[in-house]
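Here is what each chain is made of, one letter per residue.
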Amino acid sequence: MPLRNEAADIAGEIAELRHAIHAEPEIGLDLPKTQQKVLAALDGLPLEVSTGSGLSSVTAVLRGAGSGPVVLLRGDMDALPVTEETGLPYASRIPGAMHACGHDLHTAMLAGAARLLSARRAELPGTVIFMFQPGEEGYAGARQMIAEGVLAAAGAPPAAAYGLHVTSNRLRCGMFSTRPGPMLAAADQITVTVHGRGGHASQPHRAADPVPVACEIVLALQTLVTRKFDVFDPVVITVGSFHAGTTDNVIPDRATFLATARSFSPEARKALGELVPRLAGDIAAAHGLTADAQYAAEYPVTVNDAAEAAFATGVIAEVFGPEQGETAQFPITGAEDFSFVLERVPGAFVMLGACPPDRDPETAPTNHSAVAVFDDAALADGTALYAELAVRRLGLG
Ligand SMILES: [Zn+2]
Ligand SMILES: [Zn+2]
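To keep things clear, this report deals only with the structure shown in the data block.

What counts and what doesn't
- Residues numbered from 1 in each chain as written.
- Chains lettered and ligands numbered in written order.
- Predicted model: local features only at pLDDT ≥ 70, side-chain atom pairs only at ≥ 80, totals over all residues.
- Heavy atoms only, no water.
- Helix = DSSP H or I, 4+ residues; strand = E, 2+ residues; numbered from the N terminus.
- Buried < 20%, exposed > 50% of the residue type's maximum accessible area, 1.4 Å probe, protein only.
- Pairing = 2+ DSSP bridges.
- Axes fitted to C-alpha atoms, helices over the stretch in contact; angles between N-to-C directions.
- Contact = heavy atoms within 4.5 Å.
- Donors = N, O, S within 2.8 Å, 3.2 Å for Na, K, Ca; no water.
- 1 Å grid on protein atoms, 1.4 Å probe; cavity = no way out; pocket = protein on both sides within 12 Å on 5 of 7 lines; lining within 4 Å.
- Points joined across faces, edges and corners; volume = space filled by probe spheres on them.
- Salt bridge = Lys/Arg side-chain N within 4 Å of Asp/Glu carboxyl O.

### What to know about unusual backbone geometry
Positioned with a positive phi, Ala 140 is a non-glycine residue whose angle comes to about 50 degrees. Mapped onto the elements of the fold, Ala 140 is located in the loop between strand S4 (127-133) and helix H5 (141-147). One non-glycine residue, Arg 170, lies in the positive phi region at around 65 degrees. The exposure class assigned to Arg 170 is partly exposed, which follows from its relative accessible area of 43%.

Dropping the structure here:
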């Protein structure tokens, strides 16, 4: 029976696991309850299972009969600090935590794939590593799992690695999307503090007001984006937090803001790291003030290997039909710590539409929204794609 049909047969159980994880979301690197649910789902399968020491990861290795290559499949498991407002029957029971990015689906689909592939163990010509990862949302859990040896779990390095991500909008349910080259942006954090000298708001000439200087830097960052970067190698800078002062008649000592910087090439990323601190420092100096500007590298660009992206696109077309897959014209400005895996292993990251049928993908709430809904109907196809990518990359099917 095709894996797609087998996945459809166990879709109810995959949804059950997904709902259990969804109702009890955990944030960050320590997800003990989610880890227990994954371990229970894998229990009894012919897997070598190990858990992380610095984070609650689960690594499961399935050794087939042959001594062929190693393929890694990754699903992330963490939730976000969002209070769920969907009203779903399996909605989060934990205020301030929600699976608003759909990682509950990834975890359940990967567990489903582990089950399907375990049943084919005798035919498998190689080895599969299942990487259940905490801490994708800002904690670089993938980097930590790599440090703890996930890429060495099978004894030989993986020849290919694949990750899936559901989206609550943009793609209709069951539609896959990937592309060769940059798939998601690098995401870095800019922290700027302008140091002035406080005083009476009525006598600014006797103080050194950091507020207009910080505002000038915020605006100059947007000019930097358009004047210093190739329009075909774009960057995004968004100031998401700006704080200064306490009341209207006091000039504060300092003003601080935080920004995110997104880029799609190592060159643009390096230029951001050099130009942003210089711009902030020089504008502050022009007004006789100083600025501390930190550029902190967070997640690198998620780069799909061209051959692996083409392979994934081919598998999608063969298994689901060509109309179920698209080659995305542009990368996504979001970021992913699967980038740390793809820096070391050629592979592909694939998006999967999970927009409920009663919503328009163009206007549906985005991932991370308190009202984002991911439809269970995507679960079987996501499970089947994980399993098909592994068996076909190992040379079967
Ligand atoms: Zn997310
Ligand atoms: Zn995510």
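Don't stop here, the text continues.
### Comments concerning the sheet that holds strand S13 (residues 290-299)
Strands sit in the order S10-S12-S8-S13 across an open sheet of four strands; the sheet is antiparallel. Single-partner strands in this sheet number two, and they are strand S10 (235-244) and S13. In this sheet, neighbouring strand axes are inclined to one another by 15 degrees on average, regardless of whether the strands run parallel or antiparallel. The pairing of S10 with strand S12 (residues 254-263) spans nine bridges and is classified as antiparallel. Bridging from a neighbouring strand, Val 236 pairs with Arg 262 of S12. Each of strand S8 (186-195), S10 and S12 touches helix H6 (residues 210-228); the most contacted strand, S10, lies at about 170 degrees to it.

### A short note on the coordination of the zinc ion (ligand 2)
In the first shell of the zinc ion (ligand 2), the protein supplies Cys 101 (SG), His 103 (NE2) and His 165 (NE2), at 2.1 to 2.5 Å from the metal. All donors of the zinc ion (ligand 2) come from a single chain, and their spacing in sequence reads C-x1-H-x61-H. The metal-metal distance between the zinc ion (ligand 2) and the zinc ion (ligand 1) comes to 3.1 Å, with Cys 101 coordinating both. With His 103 in helix H4 (residues 103-119) and His 165 in strand S5 (residues 160-172), this pair connects stretches of sequence that are 62 residues apart.

### Some details on the layout of surface pockets
Estimated volume of the largest pocket: approximately 800 Å³. Together, 35 residues line the largest pocket, and Glu 137, Arg 262, Gly 334, Ala 335 and His 368 are the ones closest to its centre. For the lining of the largest pocket, the elements supplying multiple residues, two or more each, are S5, S8, S10, S12 and S13. Looking at which element gives the most residues to the lining of the largest pocket, the answer is S5, with five residues.

### Notes on the pattern of salt bridges
One pass over the full model with this rule turns up 17 salt bridges. Arg 4 is the salt-bridge partner of Asp 381, the closest N and O atoms lying 3.5 Å from each other. With Asp 381 in helix H10 (residues 379-393) and Arg 4 in helix H1 (residues 3-9), the pair connects residues that are 377 residues apart, well separated along the chain. By relative accessible area, Arg 4 is classed as partly exposed at 31%. Put simply, Asp 188 and Arg 269 hold a salt bridge, and the shortest N to O gap is 2.7 Å. Remark: Arg 269 occurs in helix H7 (residues 266-286) and Asp 188 occurs in strand S8; sequence separation between them is 81 residues. Among the ionic contacts, a cluster of salt bridges with common partners joins Arg 74, Asp 76, Glu 336 and Asp 337.

### Observations concerning the environment of Tyr 386
When you line up the elements, Tyr 386 lands in helix H10. A relative accessible area of 1% places Tyr 386 in the buried class. Remark: the alpha-carbon pair of Tyr 386 and Ala 284, spanning 102 residues in sequence, is separated by 52 Å. For Tyr 386, the contacting residues outside a window of four places in its chain are Leu 73, Arg 74, Gly 75, His 106, Met 109, Leu 110, Ala 113, Tyr 162 and Leu 164.

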